[in-house]
Amino acid sequence: MKNRNIKATVFIILLRGFIEVSNAQSLPSILITYHSESGKTQAMAEAVAEGVAQVQGVSYILKPISEVQQQEILNTSALILGSPVYNANMAPQMQEFINSWPFEGRPLKDKIGAVFVTGGGFSIGEEAVMFSMIRAMMIHGMLIVGGEEVEAAFGASAITGEGEFAGKEVQEIFLEKARGLGRRVGEILGR
């Protein structure tokens, strides 16, 4: 009888472990990827990741676009892109990254997409760049999600080089919008 109880206990422990591993592997995942030369867009990406981390039941990968493998794009449930604003355009590296996405069979269709940007000044093209990245995601059939607040309706953005924001780290008001974007994508994905 004792031997039977030990076997049953061991079986239950192994079964629980298998279920936990199985659940961990099947968590919806979010790929947060960005291009950053000054570190400002990276700071926003890290804040997006902090927002995602506040949501249970989802996982994330945070890395620059130069390190992303195509399989990671295909395996993710959601893709959040970040770019600096260059003359009212996304960074050329971001455009090249988007152009590398597989199109045949539309493998990104129905994945969640979201964006964030950093711009040197007011009215320098932040929304134009967000819309450019959003349009590219829509061409692939992705479902677009904006931020938590009306001031982040299209995604999160930060002013990094004009007025009171010049010469400083990314300000908390912008980092909180990035956290809100990550949190919202995570909550939608975790439903």
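In what follows, the structure referred to is the one given above.
Residues numbered from 1 in each chain as written. Predicted model: local features only at pLDDT ≥ 70, side-chain atom pairs only at ≥ 80, totals over all residues. Heavy atoms only, no water.

K.L.:
Even after reading the chapter, I still don't get unusual backbone geometry, so can you show me in this structure?
P.N.:
Comment: phi is negative for the bulk of residues other than glycine, and the bulk of peptide bonds are trans. One non-glycine residue, Ala88, adopts positive backbone phi at about 65°. Along the polypeptide, Ala88 turns up in the loop between strand S3 (78-86) and strand S4 (89-90). What makes Ala88 partly exposed here is its relative accessible area of 35%. The phi torsion at Arg106 lies on the positive side, around 50°, for a residue other than glycine. (Helix = DSSP H or I, 4+ residues; strand = E, 2+ residues; numbered from the N terminus. Buried < 20%, exposed > 50% of the residue type's maximum accessible area, 1.4 Å probe, protein only.)

K.L.:
Explain the packing of aromatic side chains here, please?
P.N.:
To describe a pair of aromatic rings, you give the distance between the ring centres and the angle between the ring planes. Scanning the model with the defined rule gives 4 aromatic pairs in all. Judged by centre distance (5.9 Å) and plane angle (85°), the ring pair of Phe97 and Trp101 falls under edge-to-face. Both residues of the pair, Phe97 and Trp101, count as buried. Aromatic pair Phe122 and Phe165: ring centres 6.0 Å apart, planes at 55°, arrangement tilted. Here Phe122, found in the loop between strand S5 (112-119) and helix H5 (126-139), pairs with Phe165, found in the loop between strand S7 (156-159) and helix H6 (172-189); they are 43 residues apart in sequence, far enough to count as distant. On the basis of relative accessibility, which here comes to 48%, the residue Phe122 falls in the partly exposed class. Among the aromatic residues, those joined into a ring-pair cluster are Phe122, Phe165 and Phe174. (Phe/Tyr/Trp six-rings, centres within 6.5 Å; stacked < 30°, edge-to-face > 60°.)

K.L.:
Would you take a moment to explain the pairing of S7 for this structure?
P.N.:
Regular strands place side chains that alternate from one sheet face to the opposite one. Taking every second residue as pointing to the same face, both faces of S7 are buried, with Ala156 and Ala158 on one and Ser157 and Ile159 on the other. Across 4 bridges, S5 lies against S7 in parallel orientation. Bridge assignment links Phe116 to a residue of S7, and that residue is Ala156. (Pairing = 2+ DSSP bridges.)

K.L.:
How do you make sense of the packing of helix H2 (residues 40-53) against H6 when you look at a structure like this?
P.N.:
Packed helix pairs are specified by the crossing angle of their axes together with the interaxial distance, meaning the distance between the axes. As a packed pair, H2 and H6 sit with axes 6 Å apart at the nearest point and diverge in direction by 45°. Judged on the interaxial angle alone, H6 and H2 are oblique. Taken as a pair, H2 and H6 cross one another with a handedness that is right-handed. Of the residues in H6, those touching H2 at Ala43, Met44, Ala47, Val48, Glu50, Gly51 and Val52 are Phe174, Leu175, Ala178, Arg179, Gly182 and Arg183. For the contact of H2 with H6, the per-class residue count stands at 8 nonpolar, 2 polar and 3 charged. (Axes fitted to C-alpha atoms, helices over the stretch in contact; angles between N-to-C directions. Parallel < 35°, antiparallel > 145°, perpendicular 65-115°, else oblique. Left-handed = near helix turned anticlockwise from the far one by under 90°. Contact = heavy atoms within 4.5 Å. Nonpolar A, V, L, I, M, F, W, Y, C, P; charged D, E, K, R; others polar.)

K.L.:
Is there a simple way to think about helix H4 (residues 92-99) in this case?
P.N.:
Along an α-helix, residues three or four positions apart point the same way, because every turn accommodates 3.6 residues. For H4, the complete set of buried residues consists of Met94, Phe97 and Ile98. Take H4 and look down its axis: the buried residues cluster within an arc of 95°, on one side only. Of the residues in H4, the exposed ones pointing more than 90 degrees away from the buried face are Pro92, Glu96 and Asn99. (Arc of directions from axis to C-beta.)

K.L.:
I'm lost on the side chain of Arg183 in this one. Help?
P.N.:
Mapped onto the secondary structure, Arg183 falls in helix H6. Residue classification places Arg183 among the buried residues on the basis of a relative accessible area of 14%. At 2.9 Å, the side chain of Arg183 and the side chain of Glu148 are in polar contact. Discounting chain neighbours no more than four positions away, the residues touching Arg183 are Gly51, Val52, Gln54, Val55, Glu148 and Glu176. (Polar contact = N/O pair within 3.5 Å; in protein donor to acceptor, adjacent residues only side chain to side chain.)

K.L.:
Please clarify how the side chain of Glu72 should be interpreted in this entry.
P.N.:
Structurally, Glu72 is set in helix H3 (residues 70-75). Taking relative accessible area as the criterion, Glu72 reaches 19% and is therefore assigned buried. From its side chain, Glu72 meets the backbone nitrogen of Gln69 in a polar contact 2.7 Å long. Setting aside residues up to four positions removed in sequence, Glu72 forms contacts with Leu31, Ile61, Lys63 and Glu67.

K.L.:
Looking at this structure, how should I read H5?
P.N.:
The terminal C-alpha atoms of H5 lie 20 Å apart, and with 14 residues this matches the ideal 20 Å at 1.5 Å per residue to within 8%. Along H5, the residues that are buried comprise Glu126, Val129, Met130, Met133, Ile134, Ala136 and Met137. Buried residues of H5, viewed axially, fall in a sector of 155°; they line one side. Exposed residues on H5 whose side chains face more than 90 degrees from its buried face are Arg135, Met138 and Ile139. On its buried side, H5 packs onto S3, S4, H4, S5, strand S6 (143-144) and S7. (Expected span 1.5 Å × (residues − 1).)

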